[in-house]
Amino acid sequence: MDNSNFEQQFKQNVKTSAMAPVPTASTGETNKLPLIIAIVLAIVTLVESIVLIIALSNRPSVQTETSENNDYQTPIAYDDYIRSAYVYDDDYNLIAVNFSCVADDKSSYILTASNYFEQRDSAGSVTASGDYSISNDSLVSLKDSGKVLYYDGFNIADGLTIYKCEEVAAETDADEDTED
């Protein structure tokens, strides 16, 4: 075979194959598959969007939640006689409590929100009274008697004696008016 004849035949084959339409092996079913997948994905996205909108509309906003729970930011002053057993200063340190604390032998301590205390024996007689202060949210210093009590958040300890404390709500002006 001649080289020039081979080249001419090669060129002829290239020209005819370039002009001839390429046969496709796909049928009508395979052309519909991408369309079906796109429709299914669009429906799934639409359903997820609707569920997300409903979930977010039922959930209260973060701003509303924080504004409702900001009660702790208002410090309780000395002169406020409210129904609370705890009094805090401007730095949120515990400075007074309104408790009645009783030991197993029926002796007791009464601590008021105005930083006044009474110590009573088992018969109920007042054995000591005066002012107190609270340090570090746990140490109760009885000024006139020189004692220091330990407060753990629930009980008061005087040496080895444990006094179980219960909150006593302070009376408000409205309470005094209703008692008459």
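Residues numbered from 1 in each chain as written. Predicted model: local features only at pLDDT ≥ 70, side-chain atom pairs only at ≥ 80, totals over all residues. Heavy atoms only, no water.

## Some remarks on the confidence of the model for the protein
The predicted model of the protein averages 77 in pLDDT, with 71% of residues at 70 or higher. Mean pLDDT in the protein bottoms out at helix α3 (residues 62-68), which sits at 48, and peaks at strand β3 (residues 99-102), which reaches 91. Low pLDDT, under 50, characterises residues 76-83; the predicted model gives this stretch 17 contacts beyond four residues in sequence or across chains. (pLDDT = per-residue confidence, 0-100. Helix = DSSP H or I, 4+ residues; strand = E, 2+ residues; numbered from the N terminus. Contact = heavy atoms within 4.5 Å.)

## Describing the state of the cysteines
All chains considered together, the criterion is met by 1 disulfide. C101 shares a disulfide with C165; S-S distance 2.0 Å. A torsion of 105 degrees about the S-S bond marks the disulfide between C101 and C165 as right-handed. With C101 in strand β3 and C165 in strand β10 (residues 161-167), the pair connects residues that are 64 residues apart, well separated along the chain. Taking the relative accessible area as the measure of exposure, C101 reaches 0% and is therefore buried. (Disulfide = S-S within 2.5 Å. Buried < 20%, exposed > 50% of the residue type's maximum accessible area, 1.4 Å probe, protein only.)

## Concerning the packing of aromatic side chains
Under the definition given, this model contains 3 aromatic pairs. Each ring, one from Y86 and one from F99, has its centre 5.6 Å from the other, and the planes form 90 degrees; the classification is edge-to-face. Here Y86, found in strand β1 (residues 86-88), pairs with F99, found in strand β3; they are 13 residues apart in sequence, far enough to count as distant. Y86 gets classed as partly exposed once you look at its relative accessible area, which sits at 23%. In this structure F99 comes out as buried when scored by relative accessible area, which is 3%. (Phe/Tyr/Trp six-rings, centres within 6.5 Å; stacked < 30°, edge-to-face > 60°.)

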